Amino acid sequence: MTLNSIFILQLAQAAGDGDKSPFNTLLLIPIMLVIMYFLVIRPQRSEEKKRKEMIGSLKKGDEVITSSGIHGKVVEIKENNEVVVLNIAKDTNVSFTASTVVKKKQADK
C-alpha cells in the first residue's frame with residue numbers, strides 16, 4: 001500500500017466519521033505538511049545544493065549546457081564565479097550568469 005493510498009484512506013475515514021472528535025482531522029494537517037516536506041521540499045533543496053556545487057566547480061575548458069539550451073565551452077569565469085564566458089562557436093564568446101548553467105556535459109570517451 002502506498003503512502004498516498006494510506007493518506008486517502010485516512011481522509012475518507014475522517015470525512016465519514018462525523019460523530020468522532022475533530023482531533024483526527026486536525027491531526028491530518030501536520031501529517032500532510034510532513035509528507036509535503038519529504039516529497040517536495042527536501043528533494044528540491046538537495047537538487048539545488050548539487051547544482052550550486054556543480055557551478056562552483058566549473059573551470060576553464062568544461063563543456064556546459066545553459067538553461068536556454070545553449071551548448072558551450074567555458075572560456076573564463078569572472079566576478080567571483082557570478083559570470084561565465086562561454087565559447088559557443090568559432091570566435092564567438094558570450095557571457096552568462098553562472099546560475100543559468102544547468103549541466104556539465106560528460107567528456108566523450
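Residues numbered from 1 in each chain as written. Predicted model: local features only at pLDDT ≥ 70, side-chain atom pairs only at ≥ 80, totals over all residues. Heavy atoms only, no water.

Time to look at the pairing of strand β3 (residues 83-89). With 5 bridges connecting them, strand β2 (residues 71-78) and β3 associate as antiparallel partners. The partner of I77 across the bridge, within β3, is V84. The hairpin formed by β3 and strand β4 (residues 92-97) contains 2 residues between the paired strands, and D91 there has a positive phi angle of roughly 60°. (Pairing = 2+ DSSP bridges. Helix = DSSP H or I, 4+ residues; strand = E, 2+ residues; numbered from the N terminus.)

Turning our eyes to something else, we now look at unusual backbone geometry. Its identity as a non-glycine residue notwithstanding, N81 has a phi of 65°, on the positive side. Note that N81 resides in the loop between β2 and β3. We classify N81 as partly exposed; its relative accessible area is 41%. Here the phi dihedral of D91 falls at roughly 60°; this positive angle occurs in a residue that is not glycine. (Buried < 20%, exposed > 50% of the residue type's maximum accessible area, 1.4 Å probe, protein only.)

Bringing the confidence of the model for the protein chain into the picture now. Averaged over all residues, the pLDDT of the protein chain equals 84, while 82% of them reach at least 70. Within the protein chain, helix α1 (residues 3-16) has the poorest average pLDDT of any element, 66, and strand β1 (residues 63-66) the best, 94. (pLDDT = per-residue confidence, 0-100.)

Quick look at helix α2 (residues 23-56) now. Between its first and last C-alpha atoms α2 spans 48 Å; for 34 residues at 1.5 Å apiece the expected length is 50 Å, and the two agree. Along α2, the helix axis deviates most sharply at Y37, where the bend reaches about 45°. What α2 keeps buried is the set L28, I35, M54 and I55. (Expected span 1.5 Å × (residues − 1). Bend = angle between axes of the 7 residues up to and from the residue.)

So, about the sheet that holds β1. Pairing within the open sheet is antiparallel, and its 5 strands lie in the order β4-β3-β2-β1-β5. Both edges of this open sheet fall to β4 and β5 (101-104), since each of them pairs with a single strand only. In this sheet, neighbouring strand axes are inclined to one another by 45° on average, regardless of whether the strands run parallel or antiparallel. Where β1 meets β5, 3 bridges bridge the pair, whose relative direction is antiparallel. Across the sheet, residue V64 finds its bridge partner in β5, namely K104. (Axes fitted to C-alpha atoms, helices over the stretch in contact; angles between N-to-C directions.)

With that out of the way, let us pick up the packing of aromatic side chains. Under the criterion given, the structure shown has 1 aromatic pair. Ring centres of Y37 and F38 lie 5.2 Å apart, and the angle between their planes is 80°; on these two criteria the pair is classed as edge-to-face. Among the residues examined, Y37 registers a relative accessible area of 33% and is labelled partly exposed. (Phe/Tyr/Trp six-rings, centres within 6.5 Å; stacked < 30°, edge-to-face > 60°.)

Here N87 lies in strand β3. Sequence-wise, N87 and H71 are 16 residues apart; in three dimensions their C-alpha atoms are separated by 8.7 Å. Within the structure, N87 has its side chain in polar contact with the backbone oxygen of A89 (distance 3.5 Å). (Polar contact = N/O pair within 3.5 Å; in protein donor to acceptor, adjacent residues only side chain to side chain.)

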